[in-house]
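The residues making up each chain are set out below.
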Amino acid sequence: MNADRLPPVAPEVTATLVEGLSPRLRKRLDAAVTKLAARPVHRDGDTTTIEVDDETELRLHAPGGVVAQVEDVTCGCLLAPACVHRAAAACAAPTADLAPEPAEQPTPEAAGPASADAATATGSGAVATHPASVMDQATAMVPASAAHRSSGTDSPPGPGPAPGLTPDAGPAPPETATPDQRAAADALWAAGAAVLEAGVDGAGAVAQSALLRAAHTARLRHLPRAAGAALSVVTLLRAARASDPSYRTAELVTALAELLGTARRVATATGTELAAVRGRVRRPYSPDGSLRLYGLFTEPVVTDSGHGGVRTWVAGADGRLFTVGDVAPGGVGRALGVADRAVRLGDTALTHRELGRAGLAVSGATVSPDGRLGAGKSVKAVTARGAAWTEPPLAALWETPPAEQAARALRSTSRYADPDGTGSDLLFLDVELLGAVREPGGTCLLALGEGGVPVRLTAADDEPALAHRDNLALLAASPGTRLRIIGRLIPAAHPRLTLLACSHPTGEGTIDLGLDRLRRADLPDPAAPAHFAPPQPAGPGEQSPLYLLERRVEQTVPAGRAALGMLGDVTAETRRIRRGGLPTAAGLLTALCASAAQRERDHFGRLLPADTDGFAAYWLAAARYSAAVSESLCSAAWNPTGEGRGVSGGPPAAAARPAV
């Protein structure tokens, strides 16, 4: 049975079904999920039927496409409704996205200051699930429960003076989280710490249901960012346990750190920081008046979930970047087809391919914080003249120094920055092609950028039906060619981009590298074979011993705390890290491994429960610190003068200091 064939199940439904099982059945739940996955599935309208055995059927009723109530999952076995089959089916099905608005509204006493933010939490926008910013070192070393207890409680608001004023006419204290929100954050922390303790192998359906219950509670308490993080962890856990080829351990590390970090900050955040920690449920679109837009390029979008489409990038007269997208279920076939369909914006008849080279005049425009153009009824758009990449206003995009562009893109892609929705991860460069470079993960194209900085260019997608890979191979056969390119930053210890678009090698027009196919006749020397550039020396970032800490952080996720507890002495690793100029990383590695190995006994010699909160706090500090240093090394790599680097070409001095 493919999980995608089952309808999505609401998080609270799965949690309720698992919580209703007896202890004996909970032990059998993971085996039941695996067994049920091998059974045939049939769908008839809103009802999906699973053949549990030759005589028993299990049904999931999904009106509106989502199983929203416990009663919508029924089983025909003799033990129903207390059987394990219903819970197993819910655990095997995809988790439904968060509801746009909570089904339960807080009372005035429980809402407190959060009531004023209800409109923001349920406004028009997507779930913000980016991880929180790097936390203070002293806070990072304290278990979350202790930090939450020390924050105190709020008293319910009552009649008082005008907003912003206290009875003595002084400024009002900054808004803080309500007791209910702190309790929900505590539950999220506890569930996330339990997953980290057990690792992927031990985080079965029961541990996942605890996360789903905590996510549901957080959503009701107007904490959509933390709730979305918990759902991301559950999705990745299921992918890991199912041996999904698209699963990456690094993604689960980021999701877990996001969950734990966001849950921790709820108790201490105030004012605007608290609003960022809470997050938004919907993507807000705000009016932006009249816009004159110039097309840049169109990129195909193909996701692991089976969605496909395109995204067209345009720039305003002031240099701001906007996107017009069309992505829906359909995969790569839809991505190729939608490129030649009309753009859903006003009355324009331009296709996405055409818009990438033409222009638009838009009135009544609505724009989201991340630059997406709305397509409401009040939006009017007509076709206008475009501009070449060498003409204003587009030419200005290539005039910004690459180091500044990389810093801006890094802020947009940072794993642990509060999402403000601004900026993009695109870079606009003038390069000279050097040839292909063999790497452990495959072959990439090496180019020389401004200031003599070598830049590695990779294919944005390896899907054979798209043109990325073939175009990159052809460009590798044209060393010495100068191109104007657009790429997406890949955070790494060396300059690295995914190549999205470039000027035509003949100098006429542009190429959307995912949709348009180059020919050998388009190259300056059509008969030249692929050229391999000489090996490049490793930069300071690539020589950094930070990977010794990063691999221990990642090692924890698959096997849990026990994986680090059995390491023993790590003095040799910490000594090497200190020699590399990262004393804080060495201290974090020592503390993390010591916390993993620490198990105390009572007076009778019996092992006491492990300190899961303390271990999770050390792991979170290590994860965030290593990410902060990696981003700092990436930023320094784009600086051709080496300005801002530490002594002996090491990481920037700011990165060598404690950052967590």
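This one's a predicted model, so the numbers in the text were calculated from it and none came from an experiment.

Some thoughts on helix α10 (residues 205-220)
Along an α-helix, a turn takes 3.6 residues, which lines up residues three or four apart on a common side.
Part 1 of the argument: Between the first and last C-alpha of α10 there are 23 Å, a value that for 16 residues agrees with the 22 Å anticipated at 1.5 Å per step.
Part 2 of the argument: For α10, the full list of buried residues reads Ala-205, Gln-208, Ser-209, Leu-211, Leu-212, Ala-214, Ala-215, His-216, Ala-218, Arg-219 and Leu-220.
Part 3 of the argument: Contacts from the buried residues of α10 go to α1 (11-19), α3 (29-37), α4 (84-92), α9 (179-202), α11 (224-241) and α12 (249-265).
Part 4 of the argument: Just past α10, the residue His-222 takes up positive phi, approximately 65°.

Quick notes on the packing of helix α20 (residues 571-579) against helix α21 (residues 583-597)
Part 1 of the argument: Running from N to C, α20 and α21 cross one another at 165°; their axes reach a closest spacing of 7 Å. In terms of orientation, α20 and α21 fall into the roughly antiparallel class. Note that α20 runs across α21; the crossing there is right-handed. Contacts from Glu-573, Thr-574, Ile-577 and Arg-578 of α20 reach α21 at Pro-583, Ala-585, Ala-586, Gly-587, Leu-589 and Thr-590.

A short note on the packing of aromatic side chains
Part 1 of the argument: Under the defined criterion, the tally for this structure stands at three aromatic pairs.
Part 2 of the argument: When the centroid spacing of 5.1 Å and the interplanar angle of 75° are considered together, the rings of Trp-398 and Phe-428 count as edge-to-face. Within this pair, whereas Trp-398 is found in the loop between β11 (380-384) and α16 (402-413), its partner Phe-428 is found in strand β12 (residues 426-439), the two being separated by 30 residues in sequence. No difference in accessibility class separates Trp-398 from Phe-428, as the two residues are buried.
Part 3 of the argument: Of the aromatic side chains, those joined through ring pairs into one cluster are Trp-389, Trp-398 and Phe-428.

A word on the sheet that holds strand β3 (residues 57-61)
Part 1 of the argument: The strand order across the open sheet built from four strands is β1-β2-β3-β4, with neighbouring strands paired in antiparallel fashion. Where the open sheet ends on each side, the last strands, each with one partner, are β1 (41-44) and β4 (73-75). The average undirected angle you get between the axes of adjacent strands in this sheet is 20°.
Part 2 of the argument: Of the strand pairs in this sheet, strand β2 (residues 47-51) and β3 are connected by five bridges, and their pairing is antiparallel. Note on β3: the bridge partner recorded for Thr-49 is Arg-59.

Thoughts on the pattern of salt bridges
Part 1 of the argument: Under the defined criterion, the tally for this structure stands at 28 salt bridges.
Part 2 of the argument: Across the pair Asp-370 and Arg-372 runs a salt bridge, and its minimum N-O distance is 3.4 Å.
Part 3 of the argument: If you follow the salt bridges from partner to partner, you end up with Asp-340, Arg-353, Arg-357, Asp-512 and Asp-516 in one network.

Section: the confidence of the model for the chain
The predicted coordinates ought not to be read in detail in places where the model reports low pLDDT.
Part 1 of the argument: Looking at the chain as a whole, the pLDDT averages 82, with 82% of positions reaching at least 70.
Part 2 of the argument: Considering only residues more than four positions removed or in separate chains, one finds that residues 100-167, a stretch of pLDDT under 50, has 157 contacts.
Part 3 of the argument: Here residues 643-660 is modelled with pLDDT under 50, and outside its nearest four sequence neighbours on either side it reaches 47 contacts, counting other chains as well.

Points about the environment of Ala-460
Part 1 of the argument: Relative to the elements of secondary structure, Ala-460 occurs in the loop between β14 (454-459) and α17 (468-475).
Part 2 of the argument: Along the primary structure Ala-460 and Thr-498 are separated by 38 residues, whereas in three dimensions their C-alpha atoms are 5.0 Å apart.
Part 3 of the argument: Not counting residues within four places of it along the chain, the set of residues in contact with Ala-460 comprises His-468, Thr-498, Leu-499 and Leu-500.

A word on the environment of Gly-371
Part 1 of the argument: Tracing the chain through its elements places Gly-371 in the loop between β10 (366-367) and β11.
Part 2 of the argument: Assessed through its relative accessible area of 7%, Gly-371 is described here as buried.
Part 3 of the argument: Separated by 48 residues in the primary sequence, Gly-371 and Thr-323 have C-alpha atoms spaced 6.1 Å apart.
Part 4 of the argument: With residues up to four places along the chain from it excluded, the contact list for Gly-371 reads Leu-321, Phe-322 and Thr-323.

As for the nonpolar core
Part 1 of the argument: Counting residues in hydrophobic clusters, the biggest one holds 71 residues, and the most contacted among them are Leu-211, Leu-252 and Trp-619.
Part 2 of the argument: Contributions of two or more residues to this core are made by α9, α10, α11, α12, α13 (271-278), α18 (547-559), α21 and α22 (612-637).
Part 3 of the argument: Top contributing element to this core by residue count: α22, with twelve residues.
Part 4 of the argument: Core analysis: the next-biggest nonpolar cluster, separate from the first, contains 32 residues, Leu-6, Leu-17, Ile-50 and Ala-205 among them.

What to know about the sheet that holds strand β7 (residues 307-316)
Part 1 of the argument: Strands sit in the order β8-β7-β6-β9-β11 across an open sheet of five strands; the sheet is antiparallel. Two strands lie at the open edges of the sheet, namely β8 (321-329) and β11, each paired on one side alone. On average, each strand axis in the sheet is tilted by 30° relative to the strand beside it, whichever way the strands run.
Part 2 of the argument: Strand direction decides the pairing type here: strand β9 (residues 359-363) and β11, joined by five bridges, are antiparallel. Residue Val-362 lies in a different strand from β11, and its bridge partner there is Ala-381.
Part 3 of the argument: Along the sheet face, helix α14 (residues 331-338) touches β6 (291-302), β7 and β8 and points at about 40° away from the line of β7.

Some details on the pairing of β2
Part 1 of the argument: Sheet analysis places β1 next to β2, joined by four bridges and oriented antiparallel. Bridge pairing in β2 links Arg-43 to Thr-48.
Part 2 of the argument: Linkage of β1 to β2, two consecutive antiparallel strands, is achieved through a turn of two residues, within which Gly-45 is found at a positive phi near 65°.

Procedures and definitions
- Residues numbered from 1 in each chain as written.
- Predicted model: local features only at pLDDT ≥ 70, side-chain atom pairs only at ≥ 80, totals over all residues.
- Heavy atoms only, no water.
- Helix = DSSP H or I, 4+ residues; strand = E, 2+ residues; numbered from the N terminus.
- Expected span 1.5 Å × (residues − 1).
- Buried < 20%, exposed > 50% of the residue type's maximum accessible area, 1.4 Å probe, protein only.
- Contact = heavy atoms within 4.5 Å.
- Axes fitted to C-alpha atoms, helices over the stretch in contact; angles between N-to-C directions.
- Parallel < 35°, antiparallel > 145°, perpendicular 65-115°, else oblique.
- Left-handed = near helix turned anticlockwise from the far one by under 90°.
- Phe/Tyr/Trp six-rings, centres within 6.5 Å; stacked < 30°, edge-to-face > 60°.
- Pairing = 2+ DSSP bridges.
- Salt bridge = Lys/Arg side-chain N within 4 Å of Asp/Glu carboxyl O.
- pLDDT = per-residue confidence, 0-100.
- Core = buried A, V, L, I, M, F, W, Y, C linked by side-chain atoms within 4.5 Å.

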